[in-house]
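# Observations on chain architecture
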Amino acid sequence: ASSFDRMFVQVCLYFYCKCLWRCLKFVVRKLTGQCELQRICYNTKPGAARTMKIEASLKGSKSKRLQTSVNVHPDAIEKTIDDIMELKRINPDINPQLGVSLQACLLQIVGYRNLIAEVEKLRREPYDSENPQHEEMLLKLWKCLKPNSPLKARISKQWCEIGFQGDDPKTDFRGMGLLGLYNLVYFAEWDTEVAQQVLTDSLHPKYSHLSKAEWEKKKFDKAIGYSFAIVGINITDLAYNLLVSGALKTHFYNVAPEAPTLTHFQQTFCYLMHEFHKFWIDEDPLDIMEFNRVREKFYRRILRQLQNPEMALCPHFAASESLINM
């Protein structure tokens, strides 16, 4: 009975707040002569703060047409804006800037949804060693990271030098599929200098041959090493979770003036790899068994940053310069 009473009170409170909110919106519109969408666009600067408010307003509308406007095809956005203006009885000739602002917001909202679909498709596609394109990308990763060390064979222990677990990297891509490979190749090709430096730093010896006394002195010199490629796939998983949870909306709505693209996602991955590398060194773990603890702590830090509507993780990404100056 107690559980039923609590549920009944919560339902009543929900409907009371919903009715109160709608009444308040009605009163504000009468007083200002502007609907909620107008007030948001005119009083909130462009970026995540505006787009997220517009998204919440459309999804929370009692009109089905407004609710579904966040799910339209990009080609239908212009007509959707006309429908919104008509439904809200807003004269576009008197309010020309409103249509422009709404269009920019809808492009970001729809683009984010489409980006999730694109990323999910890559994640679900398994690495296929019989696919020439997949093999070409894998070999490109080696060439970018180890340009002066030719790969002696496709199946080789050399892959461990860039942080894979065995002599055939295809088995390591199971969790993230092609998405893990796409991100690693993008990092190695687009920001080669920093990728090579992070790889070099990740290969720190573990000094297992030293005595306990020598280890106690040596362990503070530099953080313990980690497997570069495996960590890259793991950070891909982290970036993917940030994306599908909606946490990256803050960042993408602030850096992408229109629809966020796969390139935006891959640049974010590069930034996260760079930041995790610094974070790992600062944490100075005693062994690789602490990886999950460090990763979780890093994930929580990024989540806290993304709670700020002004946040842009990498507005002008230049990892090489910042890493060199560490």
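The name given to the chain in an unreviewed UniProt entry is ELMD1 protein, with the source organism recorded as Drymodes brunneopygia.

Turning our attention to the overall build of the chain. Of the regular secondary structure elements, the chain holds 15 helices and zero strands. Taking all 326 residues of the chain together, 44% fall into the buried category. Put simply, of all contacts in the chain between residues at least 6 apart along the chain, 68% involve residues at least 24 apart. Accessible surface, the chain as shown: approximately 17900 Å² in total, 55% of it carbon and sulfur.

The geometry of helix α8 (residues 177-190) relative to helix α11 (residues 228-244) is characterised by a closest axis approach of 9 Å and an angle of 115° between their N-to-C directions. As the angle between them shows, α8 and α11 are arranged roughly perpendicular. The way α8 lies across α11 gives a crossing that is right-handed. Together, Leu179, Gly180, Asn183, Leu184 and Phe187 of α8 and Phe228, Ala229, Gly232, Ile233 and Thr236 of α11 make up the contact between the two elements. Of the residues belonging to the contact of α8 with α11, the class tally is six nonpolar, four polar and no charged.

Looking now at the packing of aromatic side chains. On inspection of all chains with the given rule, the structure shows 16 aromatic pairs. With 5.6 Å between their ring centres and 75° between their planes, Trp142 and Trp159 make a pair best called edge-to-face. Note that Trp142 is positioned in helix α7 (residues 132-145) and Trp159 in the loop between α7 and α8, a separation of 17 residues in sequence. Among the residues examined, Trp142 registers a relative accessible area of 2% and is labelled buried. On the accessibility criterion, Trp159 (0% relative accessible area) is buried. A centroid spacing of 5.4 Å and a plane angle of 80° characterise the contact between Phe276 and Phe298, whose relative ring orientation is edge-to-face. Taken together, the residues span a long stretch of sequence, with Phe276 in helix α13 (residues 262-283) and Phe298 in helix α14 (residues 291-306) at a distance of 22 residues. Counting every residue linked through ring pairs, the aromatic cluster contains Tyr226, Phe276, Phe279, Trp280, Phe291 and Phe298.

Moving on: unusual backbone geometry. Of note, Arg89 is a non-glycine position whose phi angle comes to about 55°, a positive value. Here Arg89 lies in the loop between α5 (77-87) and α6 (96-124).

Predicted confidence across the chain gives a mean pLDDT of 85, with 82% of residues reaching 70 or more. Predicted confidence for residues 318-326 stays below pLDDT 50, and this span has 16 contacts to residues more than four positions away or in other chains.

With 12 residues, helix α3 (residues 48-59) extends 16 Å from end C-alpha to end C-alpha; this agrees with the ideal 16 Å at 1.5 Å per step. Taken as a whole, α3 has its buried residues at Ala48, Arg50, Thr51, Ile54, Glu55, Ser57 and Leu58. Elements in contact with the buried residues of α3: α2 (36-43), α4 (64-67), α5, α6 and α12 (249-255).

Moving on, we get to the nonpolar core. Ranked by size, the top nonpolar core spans 85 residues in total, and within it Ile54, Leu141, Leu181, Leu242, Phe265 and Leu272 carry the most contacts. Ranked by residue count, the leading element in this core is α6, at 11 residues. Every residue in contact with Leu141, bar those within four places of it in the chain, is listed here: Ile162, Phe164, Leu181, Leu184, Val185 and Ala188.

Glancing now at the pattern of salt bridges. Counted under the stated rule, the structure contains 18 salt bridges. Here Glu120 and Arg123 are joined by a salt bridge, their closest N and O atoms 2.8 Å apart. Highlighted residues: Glu120 and Arg123, both in helix α6, separated by three residues, approximately one helical turn. For Glu120, a relative accessible area of 15% puts it in the buried group. You can call Arg123 partly exposed: its relative accessible area is 22%. Across the pair Asp168 and Arg154 runs a salt bridge, and its minimum N-O distance is 3.0 Å. Of the two residues, Asp168 is situated in the loop between α7 and α8 and Arg154 in the loop between α7 and α8; the sequence distance between them amounts to 14 residues. Look at Arg154 and you get partly exposed, because its relative accessible area is 21%. By sharing partners, the salt bridges in this structure join Glu283, Glu290, Arg293 and Lys297 into a single network.

The rules behind the values
Residues numbered from 1 in each chain as written. Predicted model: local features only at pLDDT ≥ 70, side-chain atom pairs only at ≥ 80, totals over all residues. Heavy atoms only, no water. Helix = DSSP H or I, 4+ residues; strand = E, 2+ residues; numbered from the N terminus. Buried < 20%, exposed > 50% of the residue type's maximum accessible area, 1.4 Å probe, protein only. Contact = heavy atoms within 4.5 Å. Areas by Shrake-Rupley, 256 points an atom, 1.4 Å probe, with all protein chains shown as cover. Axes fitted to C-alpha atoms, helices over the stretch in contact; angles between N-to-C directions. Parallel < 35°, antiparallel > 145°, perpendicular 65-115°, else oblique. Left-handed = near helix turned anticlockwise from the far one by under 90°. Nonpolar A, V, L, I, M, F, W, Y, C, P; charged D, E, K, R; others polar. Phe/Tyr/Trp six-rings, centres within 6.5 Å; stacked < 30°, edge-to-face > 60°. pLDDT = per-residue confidence, 0-100. Expected span 1.5 Å × (residues − 1). Core = buried A, V, L, I, M, F, W, Y, C linked by side-chain atoms within 4.5 Å. Salt bridge = Lys/Arg side-chain N within 4 Å of Asp/Glu carboxyl O.

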